[in-house]
Amino acid sequence: MSEPFHAALLLSMPQLQDPNFARTVVLLCDYSPEGAFGLVLNRPTDMPATEMVRLDPPVENGNTMPLWIGGPVEPQRGWILLGDDPSARPDADAFTALQGEFKLIQEGLYLSTSVTVLRDVLAMTPAPRARVLAGYAGWGPGQLDDELAQSAWLLANIDLDLVFDIPATAMWETAIRRLGADPSTLTTSHGVH
């Protein structure tokens, strides 16, 4: 990897047999010689995040936003993806004071680990354009490079509607089709296709 990093989507290929990543769309948030970090975007749970996330005191009368599985690493760790600049919301006084607690992934996509932000996101009704995720996907030095060289992943630009609006069951296929490929014709061999 010699070019400067820009956030992207990783789309798993059929030969990627790991059940944690079969037919996944991963938001690649960081990628350097030291390793890579991403969040699986299409693994929702059936439970509202307000019921799954343990906050003290608990969120009362929160929204029904589901908890998503962000990956197999540190499943007890939480992440919040926001689709709007939190400081630009007219009802976001609490967010305005927390501007330093967000990482801009790309325009229209923010990442936070703040418990205060988590509480505010879970309490907002209607639910904001956001995702609450548990766990993450991580790669050690050179590991993602090897997987990319073995054609285990396709790289795609981030489309915000994929992140927030496309149903999880259709996200992988939609992302593959946007690259101009038919998912049913993807080969399971290694190398250039």
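Residues numbered from 1 in each chain as written. Predicted model: local features only at pLDDT ≥ 70, side-chain atom pairs only at ≥ 80, totals over all residues. Heavy atoms only, no water.

Draft legend 1. Quick peek at helix 6 (residues 168–178). Of the positions making up helix 6, those classed as buried are Ala168, Met171, Trp172, Ala175 and Ile176. Along helix 6, the residues classed as buried sweep out an arc of 115° about the axis, all on the same side. Just beyond helix 6, the residue with positive phi is Gly180, at close to 90°. (Buried < 20%, exposed > 50% of the residue type's maximum accessible area, 1.4 Å probe, protein only. Helix = DSSP H or I, 4+ residues; strand = E, 2+ residues; numbered from the N terminus. Arc of directions from axis to C-beta.)

Draft legend 2. Region of interest: the packing of aromatic side chains. Applying the stated criterion to the full structure yields six aromatic pairs. Look at Phe37 and Tyr136: their rings are 5.4 Å apart centre to centre, the planes differ by 55°, and that puts the pair in the tilted class. Of this pair, Phe37 sits in strand 3 (residues 35–40) while Tyr136 is found in strand 9 (residues 130–139), placing the two residues 99 residues apart along the sequence. Across this residue pair, the class does not change: Phe37 and Tyr136 are buried. Plain terms: the ring middles of Trp79 and Tyr136 are 5.8 Å apart, the flat faces sit at 80° to each other, and that makes the pair edge-to-face. You can see Trp79 sitting in strand 6 (residues 73–82) and its partner Tyr136 sitting in strand 9, a full 57 residues away along the chain. Site record: aromatic cluster; members linked through ring pairs are Phe21, Trp139 and Trp153. (Phe/Tyr/Trp six-rings, centres within 6.5 Å; stacked < 30°, edge-to-face > 60°.)

Draft legend 3. Expanded view of the side chain of Ser114. Tracing the sequence through the fold places Ser114 in the loop between strand 8 (109–112) and helix 3 (115–123). Accessibility expressed as a relative area gives 7% for Ser114, which makes it buried. Within the structure, Ser114 has its side chain in polar contact with the backbone nitrogen of Thr116 (distance 3.2 Å). Apart from residues lying up to four places away in sequence, Ser114 is in contact with Ile80 and Glu101. (Polar contact = N/O pair within 3.5 Å; in protein donor to acceptor, adjacent residues only side chain to side chain. Contact = heavy atoms within 4.5 Å.)

Draft legend 4. Layout of helix 3. For helix 3, the complete set of buried residues consists of Val117, Leu118, Val121 and Leu122. Buried residues along helix 3 cover an arc of 130° about the axis, so they all sit on one side.

Draft legend 5. Examining the nonpolar core more closely. Counting 30 residues, the largest nonpolar core has Leu9, Leu27, Leu39 and Leu81 as the members making the most contacts within it. Breaking this core down by element, the ones donating at least two residues are strand 1 (8–12), strand 2 (25–32), strand 3, strand 6, strand 8, strand 9, helix 5 (160–164) and helix 6. It is helix 6 that provides the largest number of residues to this core, a total of five residues. When sequence neighbours within four positions are dropped, the list of residues in contact with Leu39 reads Val25, Val26, Leu27, Cys29, Gly70, Trp79, Leu81, Leu111, Leu133, Gly135 and Tyr136. Formed by 17 residues, the second largest nonpolar core is a distinct cluster that contains Val53, Leu55, Ile80 and Ala130. (Core = buried A, V, L, I, M, F, W, Y, C linked by side-chain atoms within 4.5 Å.)

Draft legend 6. Representation of unusual backbone geometry in the model. Here the amide bond leading from Asp56 into Pro57 is cis, since omega sits at 0°, within 30 degrees of zero. Positionally, Pro57 belongs in the loop between helix 1 (49–52) and strand 5 (66–69). With omega at -5°, the peptide bond leading from Thr125 into Pro126 counts as cis. Relative to the assigned elements, Pro126 resides in the loop between helix 3 and strand 9. The phi torsion at Glu74 lies on the positive side, around 45°, for a residue other than glycine. Along the chain, the position of Glu74 falls in strand 6. Positive phi values are uncommon outside glycine, yet Ser151 reaches one of about 60°. Mapped onto the elements of the fold, Ser151 is located in the loop between helix 4 (143–149) and strand 10 (153–156). What makes Ser151 buried here is its relative accessible area of 12%.

Draft legend 7. Region of the structure containing the pairing of strand 1. Taken across its five residues, strand 1 has five buried, putting it largely inside the fold. Covered by surrounding structure in strand 1 are Ala8, Leu10 and Ser12 together with Leu9 and Leu11, the residues of both alternating faces. Judged from the four bridges that link them, strand 1 and strand 2 form a sheet pairing that is antiparallel. Opposite Leu11, over in strand 2, you have Val25 as the bridge partner. The sheet contact formed by strand 1 and strand 10 spans four bridges and is antiparallel. Paired with Leu9 across the bridge in strand 10 is Ala156. (Pairing = 2+ DSSP bridges.)

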